[in-house]
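Chains, contacts and geometry: an overview
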Amino acid sequence: MPILGKTRQREWETVWKTLADMKSLFAADEEELGMNGLLENIQKLVIDQFQKADAGLPTVWHNIGFGPPLIFALGDDVNHVPLAEMSALCSILGDQADTEALIDASEAAGYSPECCSADKGGIGAVVKGLYPDPCCIVGINTPCDSQVAAFNSMAELRNKVPCFAIDAPAYDDERTYQYMASQLRELIPFLEKHTGRKLEWEKLKQVCETANRTAEYLWQWMEYRSLKPTMQPSKLCAFTMVLMITLIGSPLGEAIAKGLAEDAKRKVESGVKFFDEKVRAIWYQDPVWWDIQLYDWMEAELGLTIPMDIFGYYCSEGWINTKNMDTALYDLGKLTVNAGPMSRQFRLNMNRYIDDFMTLHKRFQADCGIMAGHVACKHAWGGVGLFKEACKKAGIPLLLFEFDMFDSRVLTRKELQFELKRFVNEIAIPAKERKERAKS
Amino acid sequence: MLITAGVDIGSTASKAVIFGDDKILSSVIGPSSTNPAQTALEIYRRALELAGKAESEVAVVVGTGYGRAQVPFAHSNISELSCHGRGAHHALNSARTVLDIGGQDTKVISVDKDGNLLDFAMNDKCAAGTGRFLEMMCRVLGLRLDQLAEMHFSDGEPCMIGNMCSVFAESEVINLVNEGVPLPRIVKGLHLSLASRVASLVKRVGIEPDLVITGGVAKNRGVIDAISNKLKFDLTRFPPEVDPQIIGALGAALIASDSARTK
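Residues numbered from 1 in each chain as written. Chains lettered and ligands numbered in written order. Predicted model: local features only at pLDDT ≥ 70, side-chain atom pairs only at ≥ 80, totals over all residues. Heavy atoms only, no water.

Attention shifts here to the domain arrangement of chain A. Residues and elements named next belong to chain A. As assigned here, chain A comprises domain 1 (10–164) and domain 2 (203–439). For domain 1 versus domain 2, the distance between C-alpha centres works out to 22 Å. Domain 1 puts 44 residues into the contact, and the matching count from domain 2 is 43 residues. Carbon and sulfur atoms supply 68% of the area that domain 1 and domain 2 bury against each other, a total of about 3600 Å² over both sides. Inspection of the domain 1/domain 2 interface yields 4 salt bridges. A salt bridge links Arg409 to Asp104; the nearest nitrogen and oxygen atoms lie 3.0 Å apart. For the pair domain 1 and domain 2, the interface holds 8 residue pairs in polar contact (both at pLDDT 80 or more). When contributions to the side of domain 1 that touches domain 2 are tallied by element, the ones reaching two or more residues are α2 (33–54), α3 (69–72), β2 (79–82), α4 (85–92), α5 (96–108) and α6 (117–127). Residues that form the side of domain 1 that touches domain 2 fall into these classes: 22 nonpolar, 13 polar and 9 charged. (Domains from an automatic or database assignment. Contact = heavy atoms within 4.5 Å. Buried area = accessible area lost by both parts, 1.4 Å probe. Salt bridge = Lys/Arg side-chain N within 4 Å of Asp/Glu carboxyl O. Polar contact = N/O pair within 3.5 Å; in protein donor to acceptor, adjacent residues only side chain to side chain. Helix = DSSP H or I, 4+ residues; strand = E, 2+ residues; numbered from the N terminus. Nonpolar A, V, L, I, M, F, W, Y, C, P; charged D, E, K, R; others polar.)

With that out of the way, let us pick up the packing of helix α9 (residues 201–225) of chain A against helix α11 (residues 251–269) of chain A. All names here are of chain A. Where α9 meets α11, the axes come as close as 8 Å, and the angle between the chain directions of the two elements is 25°. With respect to each other, α9 and α11 are oriented roughly parallel. Between α9 and α11 the crossing geometry is left-handed. In contact with Thr210, Arg213, Thr214, Tyr217, Leu218, Gln220, Trp221 and Tyr224 of α9, α11 contributes Pro251, Gly253, Glu254, Ala257, Lys258, Leu260, Ala261, Ala264, Lys265 and Val268. Its residues assigned to classes, the contact of α9 with α11 comprises 10 nonpolar, 4 polar and 4 charged. (Axes fitted to C-alpha atoms, helices over the stretch in contact; angles between N-to-C directions. Parallel < 35°, antiparallel > 145°, perpendicular 65-115°, else oblique. Left-handed = near helix turned anticlockwise from the far one by under 90°.)

Glancing now at the interface of chain A and chain B. Many descriptions give the size of an interface as the accessible area lost when the pieces come together. The interface is formed by 9 residues belonging to chain A together with 15 residues belonging to chain B. At the boundary of chain A with chain B, total buried surface from both sides reaches about 1100 Å², with 42% on carbon and sulfur atoms. Area buried by chain A at its contact with chain B is led by Arg422, Glu426 and Arg434 of chain A, which between them contribute 46% of it. For the interface between chain A and chain B, the tally reads 0 salt bridges. Listing elements by their share of the side of chain A that touches chain B, those giving two or more residues are α18 (384–394) and α19 (413–439) of chain A. Examining the composition of the side of chain A that touches chain B, we find that 6 residues originate from one element, α19 of chain A, more than from any other.

Before going further, it helps to examine the sheet that holds strand β6 (residues 304–305) of chain A. Residues and elements named next belong to chain A. Taken together, 4 strands build an open sheet; the order of strands is β6-β5-β7-β8 and the sheet is parallel. Only two strands of the sheet have a single neighbouring strand rather than two, namely β6 and β8 (398–403). Relative to strand β7 (residues 368–374), strand β5 (residues 279–283) runs parallel, the two being bridged by 3 bridges. Across the sheet, residue Ile282 finds its bridge partner in β7, namely Gly369. (Pairing = 2+ DSSP bridges.)

If you want it as structure tokens, here you go:
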């Protein structure tokens, strides 16, 4: 299936076709406005990227710890590619076999098998030439070591392309934010030089205001998502992370957030109940990208809902002061380390990881937690004992299992379903019933 | 008298318990087969016969274990986690951590003061650390399972045998035999290997006293000794009249009683 009148690589065409099919599938359902908004804007993003690549406009590659607002501020004629984009698109919208082929391609090219599959898929996409050639690369050393390896690999695979490395400290204080802001200030002339575009304050201000409105919509959305009964599908919470990594500061990102919030509001006000939930859990780690329909199965078979996940919730934390360039850069730096998915949770010690879980658990009226332990995430696994201990102390039932968020070969759907079913039926629901009996 | 039954179809052994008047009326243990439905029926009927009861007198039957879905006469089936937790708590009220070493998997189950399941960890992907591991090694060594405990308490230091893979461990054991290492040293090494595998699983859930051990392997005193040493923690024994291998079936029978009462 050609995209914008041209034949593209098979992986892209598969994504494109599924996107079109899914759009027509959901368009007929009035209750799926949130999902429609997501699909609509993901399609716009893909169109935008191809149009820019076809027009020969400059492309900036970046790894997933770096958000795109500064790239957006260079103007509408600069393309950007988050490294893991193809991992996500193939898994969510294309063919999962393609994601796994990209993972294998990266390993065959020498990329470490122990690294994160999000990055492995991204490196595979680079190896297979699925992204437009970059004019420059921006890398950041957060959220994890795999990101550092990914940045190094991008740089090595395109060894004539200029790279800019951002160093995020493992602290959470004024000095950290100032240091981050100073690096972003240095990044601007680098981006200007290699894209040939000028970053104007007025444009950056506009991007930051868009990011702020997006955050506001997400906050509104969270309020609705925390209510009982749940009014939207669980799987929507997984996409907040995609929004943050790919679209924060863009009108497309704002449109997605607005769509989610308005959809939730309309359903709450009109009393639409999505389904009868038996138990609700905070999903505490990566979504199962290779089978996003698993959330539908959890709802239908187990009565389990996920009102929010770890990475989605804090996406909306970053508020950018648009008084002037300095305040904006300071807040963008702060947002990168404090609201970036995974950067927030794994840059410091486990206290924040645990405290965030407890906050989510309370705010979203959850009954239990599910730590979907991505095999490559040694940051989470390194502190899992402390996390388990904290949950035990708080009396929160916790399921913990190993899987890979982009590779279905590590833990299959059947095995995953078995784990979830056993936990929900034998621990979570009985614990909730005991709690309710004790209250009454 | 309310009579209920629990039938536990495990990977190696199948167990049936007839329960009534707050006590075990009878229990039967038999080998599992490739026809779990037939096995279930046979051990159930034998248990009824031993208890002197007829099928029509049993209010509710609950199936558990790997073959629980193959117990055609069961009114419901419950996973072995809940059953082992419940059974162990009934047999010993002070039990808070249950270590079940079965033929195919190892489970650590945490229960509260009322026997409710709080948490668990399982090794169900690998034969290392399960009863199957010891069975395999007995074949290689030409020993019976009931000979292992006696050998464990013989003189000699244990050999070092890896705990990550039963296939590799089997090769190691063959090498040790060919090097002329005395069997008791190998057996102690095997128990130590199993114990270290099990200990890491126990630590994942955390030890809350009392810690009890269920399953067929619980009958091997050598394994219990090795696990206690590895954990540096004394395992609590069930009362002598309770066979640790029937705990899952007992739990199933107790859950069947609950179900009959709420009917």
